[in-house]
Every structure is written in structure tokens, then in C-alpha cells.
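Examination of the molecular architecture
Here are the chains, one letter per residue:
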Amino acid sequence: MKTSITQGLRNSPLLKRLRLIKETAAPEYVDARERAVQIIRIMLRSERQRLRRQFKRGGGKITRAGQERFVRHKSRGLLKELLQNRGVKLKKSHMLSTYKKSLLLDGIDPGRKERWRGHVKRLGRKTPISLQLKNFSFVDNPQGTLDQLQAISEADCTELIARLDFQDDHCLDAGAYLVLAESWHSMSKIFVGGAMKSPIQKVMSAIGLGKELGLSLLAATDHEDVWAFPLQRRRKAGTTADANALLKPQNREKVADQFCDLVDKWLDHPDINQELTPDGRLFIKGVVGELLCNAERHSQKDSIDGDWSVTGFMTRRIAESKAQLYCHMAFLSVGRSIAESFDDAADDVKAWIMGYVSKHQSHNVSKETLMTVCALQDRVTCDPSASSIRSGGTGLQEVLEFVSDLAETSNLENDARLVIVSGKSCILLKPPYLRGVAQSENDPREQWCNSQNTSDLPPDPSVVFDLSKHFAGTLVSVAFELDPGYLKASLESENDKHEEN
Amino acid sequence: MTNTKRIDLGVLAGNGAVRNISGRPRGLSARIDFGLDELDADTEVDVEIVIPEYMDSITPSFFQGLLEASMRRFDMDRDKFDHRYRLVASEPMQRAFERGMRAILVHRDFPQVA
């Protein structure tokens, strides 16, 4: 009976909660931790009194001393267990978890396989480590974001429990969260708790990442001011069984339809009250189709059956009593990088690329990154069968044109950014290095990322640079701001022009 | 007297299951399925490409896959192509078609490396 009361206390939800606060509260919440310890002590004091009451009254001095020793021994043991973090219990799923291969994580975190330890071999910490995710955005901070993803992977290899603290005020980029979601399933779910501001919780909940990552997003009670394109994936690479699959509607085409409907919804916002023009639909679906088709065709060697994932969202924020609409889209394919895909390219394409590479390769920019710059140019394709019939290689310029057009619907066009992260290369495009330029109508569009847009000069190092980690695949992430007032005005003037004609 | 062979691209879109078509491999497969090589070889046949009203996007790369070989047969001469092929489509889809034709006709020679 005496023991069962102690056991009952040990299992009480309140005590478990207090213990969790004590163990996982971030260093800045010292008060909360101390208060938790104080409450634990008070509860144990009352438990001691309760234990004492269990004994019959009377008895000799020696008996009473023995009873008191017993009470103190019990409560001391319980206190020790609670305060020394001995009670990190391994879940069955943790005990059974094994190393899971992940092209993305193994590239970002080299040596991951060697460092990964089974959970029973991991040491518990008095205070679990807390990972601070700040400026978690490929469009703003590509290298820093890769470093943070590496830190997450490192913790996953060796820690029993860890916290993720998202310190940004808003979701700055769809790409960073998409990569996190695609890596998550290869990790062993050691992350418990952490800080995340309400705007980020809302976006994560709306795009379905809360469910994907198994996070309870308590602050996301509604999705007001967030319009999301929930994360979608193509089935696994190389799983197409139907011989006539190419004659039937493709998953990417369904996604393009849905994406376009979403943008229409964005534009239907009361602040804008517009809808996509037929040309707008043509363009957006074209871009989604081109990007996802590229992902399927080029991310796997000797196959056109690669996979992809995609997500997007728009958020509305009020700044200086003015509504601002921020749009984010991200497209990810896992597998070969753009530069690696050129292993298959036709000889004339390779020769031309190597000519450019040899001209500009230096300690500042690698061969791989210069090859990625070449991929931006019209007519450059890694598909030798397309090259042989003088076809293909225009998809990326279509994408740049689309984003440029969208950015120009705002007087804040300098805020538009498109980042390509592929292998160890990063190209961070923003005006004036966004739209490709053709010399004449049938000339190829080119964007060489330097002030004169010429292949004779090296690319601007602030736009084109190497990353310290290998990203196994290609991420294209886009961020731009829609200015409702400007958009409305420009659309009205466009309508006027059509009417005049 | 020439016959007209009608090609409905709506079939590829599942007759409305999707409202767009994308990708060069799709164009190449459709070319084989519609038998365009045989139709191009038969001078007695004209081809009518029909794009249904509900369609709102077809990517340039699809048209590259579908029609690149025809253009080569017609020596990359747009007039010869137009003489045999006719497009029945809405205005935006006509613009999409023109984008595809531009992608086919874009100058593809790589400049000499200095």
C-alpha cells in the first residue's frame, strides 16, 4: 500500500509534466525549471506526510525512527530519480530504430552512417541539447540553412532527446521546410518540444508539415491569413509499371492544375480581387509542368521516372497598417545534381560547357557550380537524345520568365528571389539577374549572372557560389511579394489596353 | 484531293481529367500513338490538331516532342509545316503552340569556345 502510493505519485501526469518541463525547458526558461523542481519538492513533502500517516500510532522510539527512515528513504529515492534524469525511458520504436539511408541527409552530413548509434548506446544528458534554427531559409541563407540541417542530423545520430527551437518570426522560405520534411522520415524522432512562433505554426499546419513531422502545433488554431498548397509528392522513383503511362494524365499535371487554382485563390483575396488571366494560367502551369518534368527526367541516372515533392504558401502580414502578401513555392527532386546530370550530355554540349568552365574556374567558384550556371541557358540539355534532334533545354528559362513576370506585378520586385541549390552549387537569382535575355526572337535566352550578361565574364560571386555541403538533388525555391495595390492598378491598366485594342 | 486526319489532344488529358499537358516525353509518346511519322510521309493527308476549350496550358517541351520531327521533315520551314498542319484552338492555346514552335526553331548552335 505504501509503495503503491509512491508508485502512484511517480506515475502521476502532473509529476510527469513537471519533469518534462524541468528536463526540456530551454535555458532561457530558468524560472519555469526552478518552479518545476520546487513543486516536485512540495509534492514529495506531502507524500512523506501521507506515508507517515499509513503507520499505526504508538510503537517505540526505535520503531518510529525506523518508520521515519523508511519514509525518508522512499522520498529521497524518488527525488533522486526525478532530479537526476535517470528516467529517460526509451520507447519501443526508439529501441527498434536503425540507421536509415537518406540521400539528402547523407550528403548534408557526411559520415552520418558511421556516427549513427543505436538508442540504447546513447547517453542521456542532464539538459537535452537545444538546436536554434534562425534564418532558416534557402532563399536568404542557403549555407546557414544547410549548416542547421546538418546540426539536426548530427543530433539525430547521437542524442536521446533534443529540442528544436524555431527562432524566426515568420516562415521565410518553403524550401527549407520542404527539405526538413523530406529528411524527417529518415531520422529517429528524437525531437521533443521546442519553441515556434504562432505564424510559423500556422504555415506548418496549413501545408501539412505538422502532421508530416508529428508536431503538435497548439497555436495553429486557425489558418487565417495563410493560403497553402499542401505538400505533395510523386510516387517513388522508378515505380512506373504502366507501359502506356505517358499517354495518360500525369501526376505533375494534376499538381499544376491545383497549384494554379491556389494562385487564383491568392488573387481572389479581398485586397486584390482579381483572377488569373488565361495567359497567367498558361504560364504557371507551364512552369510547374516544366520543373516537375525536369525533376522526373534528370534526377535519376538512365531513367525518366524520378520523383519530386512540392509545396507552397502565401501569408498576409500587416506592416505599417498595410497588408503585404508574401508568396513562397518550393520544388525538390532528390537524386543527381544538375552538374552530375551532365555526365550524360551530348559531346557538343559538354565541350561548350567545359570551355566556359575552363575560362572561369578558380578557387572562388568550382567546376560544378559553373556547370550549373550553364544549365540556366536555353538549349543546354543533359539529354543526349534531345540534343541529337536539336531539342530540349528551355525549361529553366521558362521558370525564370514566369517568376520575373510575377515579380513585375509588384513595385517591390527587388524582393523576388529564386534559389537553385544543387550538389555543392548555389545560384541565388534576384533582379537584375532573374530574366534571361535573347538577342533576337529565335536566339536562345541567356542569364550569365554578371552585370553584362555575358559568358566572357565570370558570374557575380554574390549570386553564384559554392556550398560546403553536398545537396543530393535539386531544390528550386521561390519567394516574392505581391503588392495588392500595385497589382490591382497594373491589371486594370492592362484591361484598359485590351479594351482599347 | 487530300484527306484530313484529326488529332485530339484532349485524349492525352483524360478528356478533362487534367487541364494541361507537359513534358517532352509525353509529346514523343503522343507522336508515336498518333502515327505522325506516317501521316507526315503521306502527302495526301493533312493534319488537324484540336485542343479542347477546357485546356489552359501545354508546355513548349510537349510541342517539341510532338512536332520537332515533323518540322525537320519540312526542313524547319514553317510555311511547309503550316501547309500540312492546322491548329484548332483557343487564342491562349494558339499562343502556347507558338511558344512551342519558337522552342523548336530556336537557334541551337553553340558558339565556338575561344
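We now turn to the structure provided with this report. (Residues numbered from 1 in each chain as written. Chains lettered and ligands numbered in written order. Predicted model: local features only at pLDDT ≥ 70, side-chain atom pairs only at ≥ 80, totals over all residues. Heavy atoms only, no water.)

The next point concerns the overall build of chain B. Helix and strand counts for chain B stand at five helices and five strands. Listed by position from the N terminus, the elements making up chain B come as β-β-α-α-β-β-α-α-β-α. The C-alpha radius of gyration of chain B comes to 14 Å, within 12% of the 13 Å expected for a compact globule of 114 residues. Structurally, chain B occupies a C-alpha span of about 50 × 35 × 25 Å along its principal axes. The 114 residues of chain B split such that 55% are buried. When the accessible surface of chain B is split by element, carbon and sulfur atoms take 48% of a total near 5300 Å². (Helix = DSSP H or I, 4+ residues; strand = E, 2+ residues; numbered from the N terminus. Rg over C-alpha atoms; globule rule 2.2 N^0.38 Å. Buried < 20%, exposed > 50% of the residue type's maximum accessible area, 1.4 Å probe, protein only. Areas by Shrake-Rupley, 256 points an atom, 1.4 Å probe, with all protein chains shown as cover.)

A few words now on the overall build of chain A. Within chain A one finds 19 helices and seven strands. Residue burial in chain A is summarised as follows: out of 501 residues, 53% are buried. For chain A, contacts bridging at least 24 residues in sequence account for 71% of all contacts bridging at least 6. (Contact = heavy atoms within 4.5 Å.)

The next subject is helix 1 (residues 24-34) of chain B. Residue and element names in this part refer to chain B. The buried fraction of helix 1 amounts to eight of the 11 residues, a majority that puts the element mostly inside the structure. All of the buried residues in helix 1 are Arg 24, Pro 25, Arg 26, Gly 27, Ser 29, Ala 30, Arg 31 and Phe 34. Downstream of helix 1 by a residue or two, Gly 35 has a phi angle that is positive, lying close to 65°.

Time to look at the sheet that holds strand 3 (residues 226-233) of chain A. Residue and element names in this part refer to chain A. Across the sheet, which stays open at both edges, the five strands sit in the order 3-4-5-7-6 with antiparallel pairing between neighbours. The open sheet terminates on both sides in strands that have one partner only, identified here as strand 3 and strand 6 (417-429). Averaged over all neighbouring strand pairs, the angle between strand axes comes to 20°, with direction disregarded. As defined by bridge partners, strand 5 (residues 322-334) adjoins strand 7 (residues 464-482) across 10 bridges and the pair is classed as antiparallel. If you follow Tyr 326 over to strand 7, its bridge partner there is Glu 481. Of the strands in this sheet, strand 6 and strand 7 touch helix 8 (residues 142-158), which is tilted by about 120° from strand 7. (Pairing = 2+ DSSP bridges. Axes fitted to C-alpha atoms, helices over the stretch in contact; angles between N-to-C directions.)

What follows is about the packing of helix 13 (residues 278-298) of chain A against helix 5 (residues 91-105) of chain B. In helix packing, the relevant descriptors are the interaxial angle and the interaxial distance, both defined with respect to the helix axes. Orientation of helix 13 of chain A relative to helix 5 of chain B, taken along the N-to-C sense of each, is 40°, at an axis distance of 9 Å. Comparing their axes, helix 5 of chain B and helix 13 of chain A come out oblique. Judged by the sense of rotation from one axis to the other, the crossing of helix 13 of chain A with helix 5 of chain B is right-handed. Residues A:Pro278, A:Asp279, A:Leu282 and A:Phe283 of helix 13 of chain A pack against B:Pro92, B:Met93, B:Arg95, B:Ala96 and B:Arg99 of helix 5 of chain B. (Parallel < 35°, antiparallel > 145°, perpendicular 65-115°, else oblique. Left-handed = near helix turned anticlockwise from the far one by under 90°.)

For the rest of this paragraph, the subject is unusual backbone geometry. For residues that are not glycine, phi is negative in most cases, and the peptide bond is trans in most cases. For the bond running from A:Pro431 to A:Pro432, omega is 10°, close enough to zero to count as cis. Positive phi outside glycine occurs at B:Asp75, with the angle close to 55°. On the basis of relative accessibility, which here comes to 55%, the residue B:Asp75 falls in the exposed class.

This part takes up the side chain of B:Ser70. Residues and elements named next belong to chain B. With respect to the secondary-structure elements, Ser 70 resides in helix 3 (residues 60-73). Residue class for Ser 70 comes out buried when judged on its relative accessible area of 0%. Reaching out from Ser 70, the side chain makes a polar contact with the side chain of Asp 40 at a distance of 2.6 Å. Every residue in contact with Ser 70, bar those within four places of it in the chain, is listed here: Arg 31, Asp 40, Phe 81 and Tyr 85. (Polar contact = N/O pair within 3.5 Å; in protein donor to acceptor, adjacent residues only side chain to side chain.)

All right, on to the nonpolar core then. Residues and elements named next belong to chain A. One finds Phe 342, Ile 353, Leu 418, Ile 427 and Leu 429 to be the most contacted residues of the largest nonpolar core, which totals 66 residues. No other element matches helix 12 (residues 251-267), which puts eight residues into this core. Leaving out residues up to four positions away in the same chain, Leu 418 has contacts with Val 399, Leu 400, Val 403, Ile 427, Leu 428, Leu 429, Leu 434, Val 476, Ser 477 and Val 478. (Core = buried A, V, L, I, M, F, W, Y, C linked by side-chain atoms within 4.5 Å.)

Right, let's talk about the interface of chain A and chain B for a bit. Listed as interface residues are 44 residues of chain A and, on the opposing side, 40 residues of chain B. Approximately 3700 Å² of surface area, both sides summed, lies buried where chain A meets chain B, with 54% of it carried by carbon and sulfur atoms. Taken together, chain A and chain B are joined by five salt bridges. Residue A:Asp261 is joined to B:Arg19 by a salt bridge in which the shortest nitrogen-to-oxygen separation is 3.2 Å. Run the count over chain A and chain B and you get 14 residue pairs in polar contact (both at pLDDT 80 or more). The set of elements that each furnish at least two residues to the side of chain A that touches chain B consists of helix 12, helix 13, helix 15 (347-360), helix 17 (384-388) and helix 18 (395-407) of chain A. Broken down by class, the residue content of the side of chain A that touches chain B amounts to 16 nonpolar, nine polar and 19 charged. (Buried area = accessible area lost by both parts, 1.4 Å probe. Salt bridge = Lys/Arg side-chain N within 4 Å of Asp/Glu carboxyl O. Nonpolar A, V, L, I, M, F, W, Y, C, P; charged D, E, K, R; others polar.)

All names here are of chain A. Considering the arrangement of structural elements, one finds Ala 219 in the loop between helix 11 (209-213) and strand 3. It is 8.6 Å that separates the C-alpha atoms of Ala 219 and Pro 199, two residues lying 20 residues apart in sequence. Ala 219 has contacts with Ser 198 and Gln 201, leaving out every residue within four places of it along the chain.

Moving on, we come to the sheet that holds strand 5 (residues 85-88) of chain B. Residue and element names in this part refer to chain B. Taken in spatial order, the three strands line up as 1-3-5 in an open sheet, and their pairing is parallel. Two strands close off the open sheet at either side, each with one partner strand: strand 1 (3-8) and strand 5. Averaged over neighbouring strand pairs, the angle between their axes works out to 25° when direction is ignored. In the sheet, strand 1 pairs with strand 3 (residues 45-50) via six bridges, with the strands oriented parallel. Counted as the bridge partner of Lys 5 is Val 47 from strand 3.

Turning next to the pairing of strand 5 of chain A. Residues and elements named next belong to chain A. A large share of strand 5 lies buried, amounting to 12 of its 13 residues. For strand 4 (residues 309-319) and strand 5, the ladder comprises 11 bridges, and the chain directions are antiparallel. Directly across from Ser 309, in strand 5, lies its bridge partner Leu 332. Linking strand 4 back to strand 5 in an antiparallel pair, the connection comprises two residues, with Glu 320 at a positive phi of about 50°.

To describe a pair of aromatic rings, you give the distance between the ring centres and the angle between the ring planes. Residue and element names in this part refer to chain B. Evaluated as defined, the whole model comprises 15 aromatic pairs over all chains. Their ring planes at 65° and their centres at 6.3 Å tell us that Phe 74 and Phe 81 sit as a pair that is edge-to-face. Judged by its relative accessible area of 8%, Phe 74 is buried. You can call Phe 81 buried: its relative accessible area is 1%. Relative to Tyr 85, the ring of Phe 74 has its centre 6.4 Å away and its plane inclined at 70°; by these criteria the two rings are edge-to-face. (Phe/Tyr/Trp six-rings, centres within 6.5 Å; stacked < 30°, edge-to-face > 60°.)

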